[in-house]
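Chains, contacts and geometry: an overview
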Protein chains: 2
Amino acid sequence: MKTETEIRVVRPPRRSRPGLPLPPGRLGPVELELELEGRVMNCDIGFECIGPPDAPAVVALGGISADAHVSAHDGGPRPGWWEALVGPGRAIDTERCRVIGMDWLGGTGDTVAESATAAPLPAVTTRDQADLLARLLDGLGIERVRAVVGASYGGMVALAFAARYPRRLERAVVISAAHQTHPMATALRSIQREIVRFGLRTGREAEGLALARELAVTTYRTAAEFHARFGNGPVWERAVPRFPVETYLRHQGRRFADRFTAERYLRLSESLDLHAVDPARILAPVTLVSVREDTLVPPWQMEQLLTKLRGRGELVRIRSRYGHDAFLKETASIGRVLESTVGQRAANREVAR
Amino acid sequence: MKTETEIRVVRPPRRSRPGLPLPPGRLGPVELELELEGRVMNCDIGFECIGPPDAPAVVALGGISADAHVSAHDGGPRPGWWEALVGPGRAIDTERCRVIGMDWLGGTGDTVAESATAAPLPAVTTRDQADLLARLLDGLGIERVRAVVGASYGGMVALAFAARYPRRLERAVVISAAHQTHPMATALRSIQREIVRFGLRTGREAEGLALARELAVTTYRTAAEFHARFGNGPVWERAVPRFPVETYLRHQGRRFADRFTAERYLRLSESLDLHAVDPARILAPVTLVSVREDTLVPPWQMEQLLTKLRGRGELVRIRSRYGHDAFLKETASIGRVLESTVGQRAANREVAR
């Protein structure tokens with residue numbers, strides 16, 4: 001059954017004059033043919049747009065636990081996952097750009113997929129997410145965006161989008177992501193998935209999820225940060241030693257288990273490991289940001305990507321004690337890159353080059 | 001009840017002339033007052049001696065899964081955990097040294113502890129292991145050894161022994177171990193212990209152990225090794241992707257679960273994190289070996305230890321793609337250090353300095 005694609009605005013806009021945020025919406029159903037199984041899914045795409053509808057569009061994509069809510073706005077006042085960098089007057093200025101956020105297929109947000117056979121959603125790739133983004137832009141009537149900005153998983157999807165739709169973006173900005181994954185990152189995520197499956201097998205999904213997230217957190221941060229934050233001696237609770245770093249990890253794990261499900265974790269974690277993009281297919285200029293201390297995406301991999309992009313890439317190397325999480329923590333250095341590539345300084349920059 | 005300490009030789013020596021290996025034995029019972037609870041345990045100590053009884057004694061201590069069987073000998077012909085470096089004509093030459101191996105208190109070997117109250121063995125520290133080693137040397141009639149050589153957990157115990165019995169060794173050789181642990185190492189071991197406890201709670205001890213070991217393996221090796229060994233693309237088994245590194249990890253986990261128990265894992269893993277030695281108490285010269293790629297024991301920690309040892313330390317810096325496992329894999333470079341500190345070249349070296 002073929003249905004018309006429509007944009008459903010879940011909550012009516014509070015004010016109707018142009019230049020104001022479009023509240024959270026859902027686009028769909030759209031048809032999506034999944035890369036690996038070739039199965040066609042009918043998808044509703046959860047998305048948010050912030051900023052003037054006539055301003056240049058900038059897509060902002062985060063990690064596997066990010067959603068369409070990039071930043072607070074009238075239609076959704078809670079802080080977004082990139083609040084520090086996206087908003088009025090911020091690095092990605094929502095008074096000058098129309099910022100588009102999207103919920104991942106298989107993720108936590110409002111994007112929902114149904115297949116005709118009612119079978120569960122199979123493996124999802126970053127190419128599938130790129131296709132989903134293309135369908136969203138179609139629905140919003142946007143032929144070409146100023147930039148797709150992505151970090152971590154979002155950076156992989158930005159690369160996949162740039163490879164698959166080379167003329168639909170002026171630039172990709174890719175933070176802490178490369179054209180392929182590293183076997184050590186795969187190893188650590190594979191163990192996380194095994195932990196989650198262990199939880200499912202034993203009827204303890206939340207415990208498995210929490211424990212998997214604890215391990216993930218160690219890969220998102222660095223030894224140097226842990227050294228600075230956590231004293232090493234245990235606190236004794238009766239005869240049981242409790243190390244300061246344990247308290248932190250347990251808290252992180254529990255908090256995550258409250259808002260994620262095993263099914264989503266397994267699918268998006270696997271999607272990270274299935275990622276592979278041919279840089280030769282990317283035609284738009286790409287700004288890469290590598291973090292020296294990132295252990296999940298080692299800087300040499302981004303250097304390799306830079307080489308493979310030939311003249312189309314540029315690489316900004318930053319340092320951060322937060323490692324892979326730098327895109328969430330290093331507001332100043334990441335902000336400078338965003339301002340000069342997609343923000344209000346971008347125009348000047350084009351002239352200067 | 002006070003019992004006489006005795007050396008029980010489990011299997012009679014095949015030949016009785018001096019210079020031949022003493023087969024596996026057990027010493028005990030000896031009394032040991034545990035550091036943290038102050039409880040007195042009666043211990044039988046599993047040990048092995050290889051080499052001429054009148055030769056200088058060298059104690060060789062390995063990681064938490066090592067045992068008293070350091071190298072093959074007449075009384076125990078299967079390969080030991082340090083086979084490549086200990087044996088006739090090898091770096092630690094069992095024709096010139098009497099090599100002593102010991103089973104950890106709480107470990108996999110023959111060391112057994114019983115308390116008067118039949119309560120389970122409480123937390124064990126590296127100081128407890130050092131005390132156990134001192135009782136073993138008492139029983140063997142050895143007042144002072146040429147060296148205590150230890151790697152990983154064994155290196156921590158070597159430092160604890162040097163701090164607690166400063167006059168009972170001529171030298172400590174400490175590979176990939178420092179005076180304290182790092183919070184990131186504690187974080188990753190804490191997650192391993194949580195996985196093992198998860199297995200215990202759900203009646204799936206072997207699965208929990210295997211999964212914990214998989215995580216441990218990623219910390220013993222390096223990203224560079226995984227990159228060189230494992231291609232990144234998955235092999236598809238029906239619709240399920242299986243990444244090459246997963247096959248390796250699953251195998252490592254299962255193999256380990258066959259020979260370890262949750263109880264031992266929890267106790268020795270915790271012991272690693274409880275480790276802390278005051279370098280000021282160490283009087284004997286200490287040779288430190290740091291591995292640049294070791295992520296569990298970062299080289300800066302061993303540099304710090306070197307400083308705290310003041311004139312009593314020397315540091316050999318090596319590089320290895322095997323990271324923390326270098327002591328098992330880098331036969332050439334580790335061998336040179338052992339030869340020059342405890343092996344046949346040690347005497348020349350003393351002259352040369």
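Reading the values: the criteria
- Residues numbered from 1 in each chain as written.
- Chains lettered and ligands numbered in written order.
- Predicted model: local features only at pLDDT ≥ 70, side-chain atom pairs only at ≥ 80, totals over all residues.
- Heavy atoms only, no water.
- Domains from an automatic or database assignment.
- Buried area = accessible area lost by both parts, 1.4 Å probe.
- Salt bridge = Lys/Arg side-chain N within 4 Å of Asp/Glu carboxyl O.
- Polar contact = N/O pair within 3.5 Å; in protein donor to acceptor, adjacent residues only side chain to side chain.
- Helix = DSSP H or I, 4+ residues; strand = E, 2+ residues; numbered from the N terminus.
- Contact = heavy atoms within 4.5 Å.
- Buried < 20%, exposed > 50% of the residue type's maximum accessible area, 1.4 Å probe, protein only.
- Pairing = 2+ DSSP bridges.
- Right-handed = clockwise from strand over helix to strand, strands pointing away.
- Phe/Tyr/Trp six-rings, centres within 6.5 Å; stacked < 30°, edge-to-face > 60°.
- Lys NZ or Arg CZ within 6 Å of the ring centre and 35° of its normal.

Some words on the domain arrangement of chain A
Residue and element names in this part refer to chain A. Domain boundaries in chain A define domain 1 (6-180 + 277-352) and domain 2 (184-272). Averaged C-alpha coordinates put domain 1 and domain 2 at centres separated by 26 Å. With both chains or domains summed, domain 1 and domain 2 bury close to 2,000 Å², and 59% of this area falls on carbon and sulfur atoms. Sorting the residues of domain 1 by area buried against domain 2 places Ile64, Leu296 and Arg321 first, and these three jointly supply 32% of that buried surface. Remark: the boundary between domain 1 and domain 2 carries one salt bridge. Where Asp325 meets Arg221, a salt bridge forms, and the shortest distance between an N and an O atom there is 2.8 Å. Where domain 1 meets domain 2, there are seven residue pairs in polar contact (both at pLDDT 80 or more). Broken down by secondary-structure element, the contributors of at least two residues to the side of domain 1 that touches domain 2 are helix 1 (126-140) and helix 2 (153-164).

Some details on the interface of chain A and chain B
Between chain A and chain B, the contact holds 45 residues from the first and 45 residues from the second. Across the interface of chain A and chain B, roughly 3,800 Å² is buried in total on both sides, 71% from carbon and sulfur atoms. Here chain A is connected to chain B by six salt bridges. The residue Glu194(B) makes a salt bridge to Arg250(A) at a minimum N-O spacing of 3.4 Å.

Examining the side chain of Ser320(B)
Residues and elements named next belong to chain B. The residue Ser320 is located in the loop between strand 14 (313-318) and helix 9 (326-329) in this model. Under the relative-accessibility criterion, Ser320 is labelled buried at 3%. A distance of 2.9 Å separates the side chain of Ser320 from the backbone nitrogen of Tyr322, its partner in a polar contact. Only 2.6 Å separates the side chain of Ser320 from the side chain of Glu330, close enough to count as a polar contact.

What about the pairing of strand 14 of chain B?
Residues and elements named next belong to chain B. Relative to strand 14, strand 13 (residues 286-291) runs parallel, the two being bridged by six bridges. Note that in strand 14 the partner of Leu288 across the bridge is Leu315. Between the parallel pair strand 13 and strand 14, the chain is carried across by helix 8 (residues 299-308), and the sense of this crossover is right-handed.

Description of the packing of aromatic side chains
Geometrically, a pair of aromatic rings is defined through the distance of the ring centres and the angle of the planes. Residue and element names in this part refer to chain B. On inspection of all chains with the given rule, the structure shows 19 aromatic pairs over all chains. Pairing Trp104 with Tyr153 gives two aromatic rings, centres 4.8 Å apart and planes at 75°, and the pair type is edge-to-face. Note that Trp104 is positioned in the loop between strand 7 (98-102) and strand 8 (112-115) and Tyr153 in helix 2 (residues 153-164), a separation of 49 residues in sequence. Considered together, Trp104 and Tyr153 belong to a single accessibility category, that of buried residues. Ring plane angle 20° and centroid distance 4.6 Å describe the contact between Phe256 and Phe260, whose orientation is recorded as stacked. In this pair, the class of Phe256 matches that of Phe260, namely buried. Arg229 extends its terminal NZ or CZ atom over the ring of Tyr248, reaching a point 4.4 Å from the ring centre.

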